[in-house]
Structures are given as C-alpha cells and as structure tokens.
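# Descriptive structure summary
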Amino acid sequence: MIIGIPRETRAGETRVAATPETVKKLAASGKHTLLVEAGAGAMSSIPDRDFEAAGAKMGSADQALGADIVLKVRGPTPEELPKLKRGAMLIGLLNPFDAAAVQSYASTGVSGYALEWLPRITRAQSMDVLSSQANIAGYKAVMIAANAYGRFMPMLMTAAGTVKAARVLILGVGVAGLQAIATAKRLGAVIEASDVRPSVKDQVESLGAKWVDVPYANDEERKIAEGVGGYARPMPPEWMARQAEVIHERCKNVDILITTALIPGRPAPKLIKAQTVAAMKPGAVIVDLAVEQGGNVEGSELDKIVAKNGVKIVGFGNLPARVATDASALYARNVINFLALSLNAKTGEFAVPKDDEIIKATLICENGAVVPRG
Ligand code: NAD
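As a starting point, this report considers the structure included with it. Residue numbers here run from 1 along each chain, matching the order of that chain's written sequence. In keeping with the model being predicted, local features are shown solely for residues with a pLDDT of at least 70 and side-chain atom pairs are shown and tallied solely at 80 or more, while totals for entire chains, interfaces and linings include all residues. With hydrogens and water excluded, all non-hydrogen atoms of the structure serve as input to the side-chain values.

Let us now look at the sheet that holds strand 14 (residues 305-308). One requirement defines pairing of two strands: DSSP has to find at least two bridges between them. Going along the chain from the N terminus, every DSSP run of H or I of four or more residues is numbered as a helix, and every run of E of two or more is numbered as a strand. The strand order 11-10-9-12-13-15-14 describes an open sheet built from 7 strands, whose pairing is mixed. Looking at strand neighbours, the two that pair on one side only are strand 11 (210-211) and strand 14, the edges of this open sheet. Pairing between strand 9 (residues 167-171) and strand 10 (residues 190-194): 5 bridges, direction parallel. By the bridge assignment, Val168 is partnered in strand 10 with Ile191. Residue contacts follow a heavy-atom distance rule, with two residues in contact if any of their heavy atoms lie within 4.5 Å. Helix axes use the C-alpha atoms of the stretch in contact, all axes being lines fitted to C-alpha atoms, and the angles between their N-to-C directions lie in the range 0 to 180 degrees. Docked against the sheet, helix 9 (residues 237-251) engages strand 9, strand 10 and strand 12 (256-259), running at close to 160 degrees with respect to strand 9.

Here we take up helix 11 (residues 324-339). Multiply 1.5 Å by the residue count of a helix minus one, and that product is the helix's expected span. The terminal C-alpha atoms of helix 11 lie 22 Å apart, and with 16 residues this matches the ideal 22 Å at 1.5 Å per residue to within 8%. Listing the buried residues of helix 11 in full gives Ala324, Ala327, Ser328, Ala329, Tyr331, Ala332, Asn334, Val335, Ile336, Phe338 and Leu339. In this structure, the buried residues of helix 11 make contact with helix 1 (20-27), strand 4 (69-74), strand 5 (89-93), strand 6 (111-114), helix 5 (129-148) and helix 12 (357-362). Relative accessible area decides the class of each residue, using a 1.4 Å probe on protein chains only: under 20% of the type maximum gives buried, over 50% gives exposed, and in between gives partly exposed.

Turning our eyes to something else, we now look at the site of the ligand. Any residue with a non-hydrogen atom lying within 4 Å of a molecule or strand is treated as near it. Contacts to the ligand come from 23 residues, most closely from Arg120, Val175, Asp195, Arg197 and Gln243. Within 3.5 Å is the distance limit for a polar contact, defined as a pair of N or O atoms, with the added protein rule that one can donate a hydrogen and the other accept it, and that residues adjacent in sequence qualify only through two side-chain atoms. In this structure, an oxygen atom belonging to the ligand sits 3.1 Å away from a main-chain N or O atom of Gly174. A total of 850 Å² of accessible area belongs to the ligand in isolation, and the protein chains cover 86% of it. Residue polarity follows a fixed list, in which Ala, Val, Leu, Ile, Met, Phe, Trp, Tyr, Cys and Pro are nonpolar, Asp, Glu, Lys and Arg are charged, and the others, Gly among them, are polar. Of the residues assigned to the shell around the ligand, the class counts are 12 nonpolar, 7 polar and 4 charged. Here, Shrake-Rupley sampling with a 1.4 Å probe gives the accessible areas, and only protein chains in the shown set may cover a residue.

Two elements, strand 14 and strand 15 (residues 311-314), share 4 bridges in a ladder whose sense is antiparallel. Among the inter-strand pairings, Ile305 is bridged to a residue of strand 15, identified as Val314. A loop of 2 residues connects strand 14 with strand 15, the two strands running antiparallel in sequence, and Asn309 in this loop sits at a positive phi of about 50 degrees.

Looking along a regular strand, one sees the side chains alternate between the two faces of the sheet. Here 2 bridges tie strand 6 to strand 16 (residues 363-366), and the two strands are oriented antiparallel to one another. Paired with Tyr113 across the two strands is Leu363, which belongs to strand 16. Where strand 16 lies against strand 17 (residues 369-370), 2 bridges are found, and the strand directions are antiparallel. Paired with Glu366 across the two strands is Ala369, which belongs to strand 17. Where strand 16 folds back on strand 17, the antiparallel hairpin that results is connected by 2 residues, among which Asn367 adopts a positive phi of roughly 50 degrees.

Helical periodicity: at 3.6 residues per turn, an α-helix aligns residues three or four positions apart in one direction. Taking 1.5 Å per residue as the helical rise, helix 9 with its 15 residues ought to reach 21 Å, and the 20 Å between its terminal C-alpha atoms agrees with that figure. Of the residues making up helix 9, those classed as buried are Trp239, Gln243, Ile247, His248 and Cys251. Where helix 9 is buried, its residues meet strand 9, helix 8 (219-225), strand 12 and helix 10 (274-279).

What follows covers the sheet that holds strand 4. Strands sit in the order 3-2-1-4-5-6-16-17 across an open sheet of 8 strands; the sheet is mixed. Only two strands of the sheet have a single neighbouring strand rather than two, namely strand 3 (57-59) and strand 17.

Attention shifts here to the packing of aromatic side chains. How two aromatic rings sit relative to each other is set out by the distance from centre to centre and by the angle between their planes. Centre distance within 6.5 Å is the pairing criterion for rings of Phe, Tyr and Trp, where only the six-membered ring of Trp is used; planes under 30 degrees apart are then read as stacked, over 60 as edge-to-face, and the remainder as tilted. Throughout the structure, instances matching the rule amount to 3 aromatic pairs. Ring centres of Phe97 and Trp117 lie 5.9 Å apart, and the angle between their planes is 85 degrees; this geometry places the pair in the edge-to-face category. In this pair, Phe97 sits in the loop between strand 5 and helix 4 (99-106) while Trp117 sits in the loop between strand 6 and helix 5, placing the two residues 20 residues apart along the sequence. In this structure Phe97 comes out as partly exposed when scored by relative accessible area, which is 43%. The class of Trp117 is buried, set by a relative accessible area of 16%. The criterion for a charge sitting over a ring is simple: Lys NZ or Arg CZ within 6 Å of the ring centre, and within 35 degrees of the ring normal. It is Arg322 that lies over the ring of Phe316; its NZ or CZ is 4.1 Å from the centre. The cationic tip of Arg373 hangs over the ring face of Trp117; the distance from NZ or CZ to the ring centre is 3.6 Å.

We now examine the nonpolar core. Nonpolar side chains in soluble globular proteins tend to end up buried together. The criterion is simple. A nonpolar core is a set of buried Ala, Val, Leu, Ile, Met, Phe, Trp, Tyr and Cys residues joined through side-chain atoms within 4.5 Å. Judged by nonpolar contacts, the single largest core of 36 residues is most densely connected at Val23, Leu71 and Phe338. At the level of secondary structure, the elements contributing two or more residues to this core comprise strand 1 (2-5), helix 1, strand 2 (33-37), strand 4, strand 5, helix 11 and helix 12. Counting residues per element, this core draws most heavily on helix 11, at 5 residues. In terms of nonpolar packing, the next biggest core, distinct from the first, is built from 31 residues, Val173, Ile191, Ala193 and Ile258 among them.

Quick look at the pattern of salt bridges now. By salt bridge we mean one thing: a side-chain nitrogen of Lys or Arg within 4 Å of a carboxyl oxygen of Asp or Glu. What the rule picks out here adds up to 21 salt bridges. A salt bridge links Asp68 to Lys85; the nearest nitrogen and oxygen atoms lie 2.4 Å apart. Linking Asp68 in the loop between helix 3 (61-65) and strand 4 with Lys85 in the loop between strand 4 and strand 5, this pair joins segments that are 17 residues apart in sequence. Among the charged side chains, a network of salt bridges with common partners joins Glu8, Lys72 and Glu80.

Structural data, given as structure tokens:
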C-alpha cells in the first residue's frame, strides 16, 4: 500500500502530518511505500533528505493525495479533492462540524476519519490531537502576550528600583489554559484563572494560580457546568451575566488576559464585552485563543492585533502552526498512534477494526456517503 503525506496548502498552515520519526516506523515492515510530497516538511524545518533517510519516497502532490492512506493535518481543499482515490483512508483534522466540507469529502468516496471526534478515553490519549495542539497553543499564547506587553512579566528588584510582576488572568482552563498558567508561572507572573467547570479549581490551584469563582445559583446551573465527556456545555444567560460581572471587576487590574473558552461545535462563548475592554489598563494585552470560533472577546479580529483605548487585542489563529516543528512532531505521533489501530507497523498487516469505539467515533464518511453521528 501507499501511504501519502501531502504538503499542507491552507493559508498559514505550516504543519505536516508525518515526520522522519513516524515515517521510519511506518516504513519498518517494508510492505508499504511512504510517499511524501516534496517540500511537505519545509515549513516545519524538516528537509526532504530527512524524510528520504527515514525511508520515504519523495513525490508530487498528485501522488501523495492519490495514496491508499492519506495523512493530513487539515481537510483537503476543493482543489485537492479530485486527487483523492475512491476507497482510500483519509486521516486528519477534517472539521466534522462543517457539514458542507464533510459532504464534499464523502463525494470523493474516501473513508474519512476526523481526529476532532476522538473519544476522551484513556486508550485514545496518545492520539488526542486536540490536546497535543491545545497544549502548544496555550504556551504560544503566553509568548505572544509577553511579546506584545510593554513591561516585564516577573517581579524584579534592581538598583534602579522595583518592577512589579505582571498580573495574568486566564479564562477557560482546559488543556490550553492549563499550559498557559504553567508557562506564565515560569515567567514569574501572578496568575488568576477561571472556568465554568468546577472540577478545574483544584488543577488551577495546584499550578500556583488563584481560582476566580463564579457562583452557581442552583443545582441546575451546577449540573450544566459539569459538562459532558470532558467538554463544557453552554451556560444559562443568568450565569453568563454573573460571570461577566465578576470578570469585569478582575479585568480592571489585569495586565494580560488570555481567553481559551470553547464549546465543541458551537460559536465560542463571549466572555469579555467591549465595556470590559474599555475598563482595562492602558498597556494591557488580551490574547483571544478562541478567535477562529468567533472569539471570547468583543472586538477581536482573526489574525490581527486590534488596539482599543491602549489595550491590545491579539486575535492570531492557528497558534500551533507558529510552533511548527514541535506541533508537527506531536501531531505526527498522534496520527501514527491512531493508525496503529488498523496498521501493524512491524508486520505491515492492515485491517480497519470497524467495531472499535475509536474508529466508529471518528469515521465521518464512507462509500460515498456521510456517516450519521450516532
Ligand atoms: P476546550 O478546548 O473544549 O475548552 C476550553 C475550556 O473552556 C474548557 O475548560 C471549558 O470548560 C472552558 N469553557 C467553556 N465555556 C466557558 C465559559 N463560558 N466560561 C469559562 N470557561 C469556559 O477544552 P479542552 O481543553 O479540550 O479540555 C477540556 C477537558 O477535557 C480538560 O479538563 C482536559 O483535561 C480534559 N481532557 C481529558 C482527556 C482524557 O481523559 N482522555 C483528554 C483530553 C482532555
């Protein structure tokens, strides 16, 4: 069989779905050809010769996309779709929430596996691309904030006087938020954090940050806040209003605000109103990690830094692509772990375990049709 690794062509996408390390493992049985598009790793600082040394054959986009198994980071573009082979296995971040895109993948006849839908079970942890990439996004958000901020992060006592530590507020403490806390902590900031899910409080405190509490008015609110499958659910407007009040007060003293709040398949909850931005100190920096899902912050714009009354709102999308080499390395390991359900890298045997819970959860299209979500 041919396993294809095309170059990613979406704007700003620097990652690649395989690395020399994973290519070497997949090529080990000698039964499969690893066909990497020339230049596929360039934006991740992986030269073609490293892929070749690992056992890959370099080829064209048509060859990589026309393989039996196609490993992608992002879903194929309309230009790439006609190059896919009927019956091929397509693995990647296929954006299963976009019904039109899923329909277009289905029409090519591929079996599409969307890694966004990996169940959050222990066995799938090594394949969890959302976690591996959110971890990177959380780190990079702090780096971007520190860069845009016109002051120090740590407290410094110098001969010229004392510099205060930056006060950082992190809203949404999933994988990205936790890494943002850890990274800001390493830089010496004083950190507060909040989330809708009550289970997060202990994690926040164990990282040395202060928990900002938004009280629940009744058991129903508490129940919704617990979320489902590790993910948050939309909160009632009354709780959101209470949260906005609490956060508004905190924001008046904050130097850096990082928002990461997401609800799968829905627009990002708006946590920061324009009036809260207006109440922040001049020189404060906001990084809105949810900008691609509509943003947590009123006024944030995709791939722009917007200045409002001296406050910078950074809305860069796809932060993992800004840490391309490590993002690719982790993504590629996630992919090879997912592929291992079907492909025994040592013997080269290939059989998709159709009844496997992970396979069933991620399959979005097959035999020309969209697979309905069970
Ligand atoms: P996510 O990216 O979907 O959301 C980010 C955070 O935003 C979440 O913590 C969510 O609760 C929060 N949020 C949503 N609405 C909010 C609001 N209105 N106000 C404040 N915060 C809001 O989440 P994620 O990072 O993918 O992870 C969510 C959880 O799943 C984490 O606790 C993570 O540790 C867990 N997880 C478990 C497994 C596993 O068990 N295998 C794997 C990965 C992640």
